[in-house]
Amino acid sequence: MTSVTSPMIDAGTTELSLHDRLLDEWGMAVVSGEVATGERLPEPNMDGDAAPSRTVTREVTRVLESMGLVSVKRKAGATANPIEQWNILDPQVIQWRLRGPHRISALHELSQLRAAVEPVAARLAATHATAEHWATLTRAAIEMVAHSDHADESEYLEADILFHRTLLEASGNLMFAALGDVIASTLTGRTQHELMPKVADQTALSWHTEVAALIRKGDGAAAEATMRQIVDESDQAISHIAGNQ
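Nothing here was measured: the structure is a model prediction, and the numbers come from that model.

Caption draft 1: Structural detail: the nonpolar core. Counting 47 residues, the largest nonpolar core has Tyr156, Phe163, Leu167, Leu168, Val211, Ile215 and Met227 as the members making the most contacts within it. In terms of residues, this core owes the most to one element, helix α4 (residues 103–128), which gives 9 residues. If we ignore the near neighbours within four places in the chain, the residues touching tyrosine 156 are Met144, His147, Ser148, His150, Ala151, Met196, Ala200 and Leu205. If you look at the next biggest cluster of nonpolar residues, it comprises 21 residues, including Met28, Val30, Ala78 and Ala80.

Put into structure tokens, the structure is as follows:
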């Protein structure tokens, strides 16, 4: 789903504007539970730098309000909302959840969303995919194989994201396609938080190639079944790696 908020903030990035730093500080505080439901946002902590201006704090508050993380009322200021009010599919909210104490639970929820959407997208793609979609899916699957010995690094991640974004777009369903950022955030979170194996599962790799071929062949039922295997394997791998950490 395309976010109307600022771009996702990489936790390892140091050169951030005051706006982005404050957005990350306050957003993470709410999502992690550091600021409990109903509590006001704390005073900014800029690690010794000058405090942000009122203009910056107002802008950041508006962004958090658009995400559903806070409510702003006269005299009460900005207070944290319960999770039921969050825009849970906002890519930035997903990133904060994956940096928080309930990371594995959030990843399993995202896996369940993928299981509900991606197999159906594969079935629809067998009917709606264009020649460009077929070519991109095949190329992405080949790139995943090429970088499979470093599945926890950026080159593999880029190919993986490309495959799944293209699959959603190839479905011909605009709502599925709008979930591209959500899937990308999920895959990125696995890599950033060391929940990817160093060497990719060879069976899962072959399934990606098979899905591309089945979509090209127009076999929707088989493409759906194989895509379900991919999503299930991913969720099981998260549990396995998390259990060994």
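Now that the structure is up, let's keep going.
Caption draft 2: Just the packing of helix α1 (residues 18–32) against helix α2 (residues 54–66), in detail. Put simply, α1 and α2 touch, their axes get as near as 9 Å, and they point 50 degrees apart. Between α1 and α2, the interaxial angle falls into the category oblique. When you trace α1 past α2, the crossing you get is right-handed. Residue-level contacts link Leu18, His19, Leu22, Leu23, Trp26 and Gly27 of α1 to Val56, Thr57, Glu59, Val60, Thr61, Val63 and Leu64 of α2. The residue makeup of the contact of α1 with α2, split by class, is 8 nonpolar, 4 polar and 1 charged.

Caption draft 3: Molecular detail of the pattern of salt bridges. Evaluation of the coordinates by the stated rule reveals 6 salt bridges. Put simply, arginine 97 and glutamate 109 hold a salt bridge, and the shortest N to O gap is 3.1 Å. A residue pair is termed long-range when its members are at least 10 positions apart, and arginine 97 in helix α3 (residues 91–99) and glutamate 109 in helix α4 qualify at 12 residues. On the basis of relative accessibility, which here comes to 38%, the residue glutamate 109 falls in the partly exposed class. Glutamate 224 is the salt-bridge partner of arginine 123, the closest N and O atoms lying 3.0 Å from each other. Of this pair, arginine 123 sits in helix α4 while glutamate 224 sits in helix α10 (residues 220–243), placing them 101 residues apart in sequence. Residues joined by salt bridges that share partners form a network here, namely Arg123, Glu224 and Arg228.

Conventions we followed
- Residues numbered from 1 in each chain as written.
- Predicted model: local features only at pLDDT ≥ 70, side-chain atom pairs only at ≥ 80, totals over all residues.
- Heavy atoms only, no water.
- Core = buried A, V, L, I, M, F, W, Y, C linked by side-chain atoms within 4.5 Å.
- Buried < 20%, exposed > 50% of the residue type's maximum accessible area, 1.4 Å probe, protein only.
- Helix = DSSP H or I, 4+ residues; strand = E, 2+ residues; numbered from the N terminus.
- Contact = heavy atoms within 4.5 Å.
- Axes fitted to C-alpha atoms, helices over the stretch in contact; angles between N-to-C directions.
- Parallel < 35°, antiparallel > 145°, perpendicular 65-115°, else oblique.
- Left-handed = near helix turned anticlockwise from the far one by under 90°.
- Nonpolar A, V, L, I, M, F, W, Y, C, P; charged D, E, K, R; others polar.
- Salt bridge = Lys/Arg side-chain N within 4 Å of Asp/Glu carboxyl O.

On their own, these measurements won't tell you what the molecule is for.
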